[in-house]
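Chain by chain, the residues:
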Amino acid sequence: LYRSSIVTGMYNHFGFTGFAGYIPKWIKQGFLGEKWTEDAWIETVTQGVEDNIFAHPNIEELVPYSSLVKFIVKTRPIFLNDFAKYREQFPGVHGEAFFIGTVLHSLDHTCQDWACEDPLWLDVDDERFGLMAQMGCVVKVGFIKDLPGLYFHKRFKGANHPFYSGFYAKAARIDKKYADVM
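Residue positions within a chain follow its written sequence, with the count starting from 1. Owing to the predicted nature of the model, reporting of local features is limited to residues with pLDDT of at least 70; listing and counting of side-chain atom pairs is limited to 80 or more, with chain, interface and lining totals taken over all residues. Here the side-chain values reflect all heavy atoms present in the structure, with hydrogen atoms and water set aside.

Enquirer: Any chance you could break down a nonpolar patch on the surface for me, citing the residues and the numbers?
Expert: Where nonpolar side chains cluster on the molecular surface, the patch consists of Ile6, Met10 and Phe14 and spans about 270 Å² of accessible area. Tracing the backbone shows Ile6 in helix H1 (residues 2-17). Two joining distances apply to patches: 9 Å for like charges and 5 Å for nonpolar side chains (Val, Leu, Ile, Met, Phe, Trp, Tyr), and every residue must have over 30% relative accessible area and no salt bridge. The protein chains shown are the only cover counted for residues, whose accessible areas, like all others here, come from Shrake-Rupley with a 1.4 Å probe. Salt bridges are identified by distance alone: a Lys or Arg side-chain nitrogen within 4 Å of an Asp or Glu carboxyl oxygen. Labels follow the DSSP assignment, with helices taken as runs of H or I lasting at least four residues and strands as runs of E lasting at least two, numbered in each case from the N terminus.

Enquirer: Report on the nonpolar core, specifying residues and quantitative values.
Expert: The definition of a nonpolar core used throughout is a set of buried Ala, Val, Leu, Ile, Met, Phe, Trp, Tyr and Cys residues joined through side-chain atoms within 4.5 Å. With a 1.4 Å probe rolled over the protein chains alone, any residue whose accessible area is under 20% of its type maximum counts as buried; one over 50% counts as exposed, and the rest are partly exposed. Counting 20 residues, the largest nonpolar core has Phe79, Val103, Phe156, Phe163 and Met182 as its most contacted members. For this core, the secondary structure elements donating two or more residues are helix H4 (67-86), helix H5 (95-115) and helix H7 (162-179). It only takes one pair of heavy atoms within 4.5 Å for two residues to be counted as in contact. Once residues within four sequence positions are removed from consideration, Phe163 is found in contact with Phe79, Asp82, Phe83, Tyr86, Phe90, Phe98 and Phe156. By size, the runner-up hydrophobic cluster in this structure holds 12 residues, among which are Trp26, Ile27, Trp36 and Met135.

Enquirer: Give me the lowdown on the environment of Gly101, citing residues and values where you can.
Expert: Mapped onto the elements, Gly101 comes out in helix H5. Look past the residues within four positions of Gly101 in its chain and what remains in contact with it is Thr8 and Asn12.

Enquirer: An account of H4 is needed here, citing residue identities and associated values.
Expert: Helix span, as expected, comes to 1.5 Å for every residue beyond the first. When the terminal C-alpha atoms of H4 are compared, their 28 Å separation across 20 residues agrees well with the 28 Å that a helix rising 1.5 Å per residue should span. A residue's bend is simply the angle between two axes: one fitted to the seven residues ending at it, one to the seven starting at it. Bending of H4 peaks at approximately 30° at the position of Thr75, with proline Pro77 no more than four residues after it. Buried residues along H4 sit against H5 and H7.

Enquirer: How would you summarise the packing of aromatic side chains if you had to cite specific residues and measurements?
Expert: Between the rings of Phe, Tyr and Trp (Trp by its six-membered ring), a pair exists once the centres lie within 6.5 Å; its type follows the angle of the planes, with under 30 degrees stacked, over 60 edge-to-face, and the other angles tilted. In total, this model carries 26 aromatic pairs according to the counting rule given. An aromatic cluster of at least three residues, connected via ring pairs, comprises Phe79, Phe83, Tyr86, Phe90, Phe98, Phe99, Phe156, Phe163, Tyr164 and Phe167.

Enquirer: Tell me what's going on with the pattern of salt bridges, and back it up with residues and numbers.
Expert: Tallied over the full model, the rule gives 6 salt bridges. With a closest N to O distance of 3.8 Å, Lys157 and Asp180 form a salt bridge. Of this pair, Lys157 sits in the loop between helix H6 (130-143) and H7 while Asp180 is found in the segment after H7, placing the two residues 23 residues apart along the sequence. Overall, the relative accessible area of 37% leaves Lys157 in the partly exposed class. In this structure, Lys176 engages Asp180 in a salt bridge whose closest nitrogen and oxygen atoms are separated by 2.8 Å. Look at Lys176 and you get partly exposed, because its relative accessible area is 44%.

Enquirer: I'd love a proper account of the side chain of Thr75, names of residues and values included.
Expert: Structurally, Thr75 can be placed in helix H4. Polar contacts involving the side chain of Thr75 include one to the main-chain carbonyl oxygen of Phe71, which spans 2.7 Å. With sequence-adjacent residues up to four places away left out, Thr75 is seen in contact with Phe99, Phe167, Ala171 and Ile174. Here a polar contact means two N or O atoms within 3.5 Å. Within protein one must be a hydrogen donor candidate and the other an acceptor candidate, and residues neighboring in sequence count only if both atoms are side-chain atoms.

Enquirer: Help me get a handle on the layout of surface pockets, residues and values and all.
Expert: Here a cavity means grid points, on a 1 Å grid over the protein atoms only, where a 1.4 Å probe fits yet cannot get out; a pocket means an open set of points with protein on both sides within 12 Å along at least five of seven lines; lining residues are those with an atom within 4 Å of a point. Grid points are joined across faces, edges and corners, and a volume is the space filled by probe spheres set on the points. Volume-wise, the largest pocket comes out at about 1700 Å³. Taken together, 42 residues line the largest pocket, and the ones lying closest to its centre are Asn12, Val45, His105, Asp108 and His109. For the lining of the largest pocket, the secondary-structure elements that each account for two or more residues are H1, helix H3 (38-51), H5 and H6. Only Asp, Glu, Lys and Arg are considered charged, only Ala, Val, Leu, Ile, Met, Phe, Trp, Tyr, Cys and Pro nonpolar, and every remaining residue, Gly among them, polar. Taken together, the residues of the lining of the largest pocket sort by class into 24 nonpolar, 16 polar and 2 charged. If you go around the second largest pocket, you meet 36 residues; those closest to its centre are Val7, Thr8, Phe152, Lys154 and Arg155. Mapped by element, the contributors of at least two residues to the lining of the second largest pocket are H1, H5 and H6. Of all the elements, H5 adds the most residues to the lining of the second largest pocket, at 9 residues.

Written out as structure tokens, the structure is:
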């Protein structure tokens, strides 16, 4: 439990702080255009953090049209309810933030992988979104697939802690495909 919390926090921290340090190298190698800077990446991520995740009161209207939205809408209350039972084992952790940082973030990466089989599909020459398409290519190629050879378990599926294994079992009954990648 402790190791999983540390790894998740470090992974997200380095995605914010360390990632920017590679931008000059990627520009030099031709993966990113000259308009990209370390500050541009930091500003992009900071904007997302500062904008926060706001209420989506009408999200349920999308449930009939999206298996992903259906999965998220159905699993979120289960996650928060299960988390409340184990809250004392997660000091200082906010349940909603934990759901976002584990379930949604893993689905975000996996769904990007599923939706974009080939990074060359992204239009890096688009006037409005080309810079983000460039970054999307880098992220797709280098940061989406699971790292090989990890010496620890990183999924809800097969986890030893009852919070993770219990939530996984409930989520898998809703949609195993999505549950398996959390």
